[in-house]
Amino acid sequence: MPSTNLTIPATPFPFTFELALAALVIIDMQRDFVEPGGFGETLGNDVSLLTAIVPACQRMLAAWRAAGGLVVHTRESHKPDLSDCPPAKRERGNPSLRIGDDGPMGRILVSGEPGNQIIPELAPIAGEIVIDKPGKGMFYGTDLQVQLQARSIRYLVFMGVTTEVCVQTSMREANDRGYDGLLLTDCTESYFPAFKAATIEMVHAQGAIVGWTSESTPLLNAIS
Ligand code: TIU
């Protein structure tokens, strides 16, 4: 892969990166959040809002793979014995089913269950990194930092769900670790449209205090 810098228009200013040092990070596009009967719905959310971004995510993923870029998939998931699920997380609120309970797609948010699988449209392929994360952020309780450092990754392009929860937490964790992060605004979604909009503003405010934001088209054009 050529080691040339690419620059795309972004907010609050252009985003420059090197494809060989960049990873496309797809946060938690798993059935638990996107399909009825999973964790997202047990929390009282309308999951149909999230499926709208799947075609844009598919386009970006296909282009990134064709360009030879590294792909990271994450899943929010817990061990079957729930030893990595803090009681505070399991017991909070009044969901219709709690983490670890049996649901229509198997045990809620538990590794290996049907609901915990990434949706088929965005399924990982050989050579891609898959991170099972017990928290909202992708570095907490995972070996992702080691895996990215081993590949000299410095730039992260974010897609996935939900914008203000796992995507934003992961971007903030990455920012504190020194990565430059770009959030693709048409490839992320929330159960709450106002929270998505607010998150995008928070990310790029104050001179990219957390990172950059852009629609996916400029990036598609740059790498195609
Ligand atoms: N509830 C919600 O909006 N999100 C999560 O619980 N996890 C992720 O964002 N993946």
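Residues numbered from 1 in each chain as written. Predicted model: local features only at pLDDT ≥ 70, side-chain atom pairs only at ≥ 80, totals over all residues. Heavy atoms only, no water.

Caption draft 1: Structural view of the side chain of His204. Mapping His204 onto the fold places it in helix 8 (residues 193–208). Under the relative-accessibility criterion, His204 is labelled buried at 17%. A distance of 2.7 Å separates polar atoms of two side chains, one belonging to His204 and the other to Thr213. Look past the residues within four positions of His204 in its chain and what remains in contact with it is Thr11, Pro12, Gly211 and Thr213. (Helix = DSSP H or I, 4+ residues; strand = E, 2+ residues; numbered from the N terminus. Buried < 20%, exposed > 50% of the residue type's maximum accessible area, 1.4 Å probe, protein only. Polar contact = N/O pair within 3.5 Å; in protein donor to acceptor, adjacent residues only side chain to side chain. Contact = heavy atoms within 4.5 Å.)

Caption draft 2: Local environment of unusual backbone geometry. Along the chain, Thr11 connects to Pro12 via a cis peptide bond; the corresponding omega equals 10°. As for its placement among the helices and strands, Pro12 is situated in the loop between strand 1 (5–8) and strand 2 (15–18). Thr162 follows Val161 through a cis peptide bond whose omega is -20°. Tracing the backbone shows Thr162 in the loop between strand 8 (155–161) and helix 7 (163–176). With a phi close to 60°, Ser152 is a non-glycine residue in the positive phi region. With respect to the secondary-structure elements, Ser152 resides in the loop between helix 6 (144–150) and strand 8. With a phi close to 55°, Gln206 is a non-glycine residue in the positive phi region. For Gln206, the position within the fold is in helix 8.

Caption draft 3: Representation of the sheet that holds strand 4 (residues 70–76). Read from one edge to the other, the open sheet built from six strands follows the order 7-4-3-8-9-10, with strand pairing classed as parallel. In this open sheet, the two strands that pair with only one neighbour each are strand 7 (129–133) and strand 10 (212–214). Looking at each pair of strands side by side, their axes are set apart by 25° on average, direction ignored. As paired elements, strand 9 (residues 180–189) and strand 10 share three bridges and run parallel to each other. When the sheet's bridge partners are listed, Leu183 is paired in strand 10 with Thr213. Helix 4 (residues 54–66) rests against strand 3 (22–27), strand 4, strand 8 and strand 9 of the sheet, and its axis sits at about 155° to strand 3. Docked against the sheet, helix 9 (residues 216–223) engages strand 8, strand 9 and strand 10, running at close to 120° with respect to strand 9. (Pairing = 2+ DSSP bridges. Axes fitted to C-alpha atoms, helices over the stretch in contact; angles between N-to-C directions.)

Caption draft 4: Local environment of the site of the ligand. Contacts to the ligand come from Asp28, Phe33, Phe39, Leu43, Glu76, Lys136, Val161, Thr162, Val165, Cys166 and Tyr191. Between Val161 and the ligand, the recorded distance is 3.2 Å, taken from a backbone N or O atom to a nitrogen atom. Here an oxygen atom of the ligand and a side-chain polar atom of Thr162 are 2.9 Å apart. Relative to its unbound accessible surface of 280 Å², the ligand loses 93% to contact with the protein. Classifying every residue of the shell around the ligand by side-chain character gives seven nonpolar, one polar and three charged. (Near = heavy atom within 4 Å. Areas by Shrake-Rupley, 256 points an atom, 1.4 Å probe, with all protein chains shown as cover. Nonpolar A, V, L, I, M, F, W, Y, C, P; charged D, E, K, R; others polar.)

Caption draft 5: Just helix 4, in detail. Between its first and last C-alpha atoms helix 4 spans 18 Å; for 13 residues at 1.5 Å apiece the expected length is 18 Å, and the two agree. What helix 4 keeps buried is the set Val54, Ala56, Cys57, Met60, Leu61, Ala63 and Trp64. Gly68 sits one or two positions beyond helix 4 and adopts a positive phi of about 85°. (Expected span 1.5 Å × (residues − 1).)

Everything listed here is a matter of geometry and, on its own, says nothing about what the molecule does.
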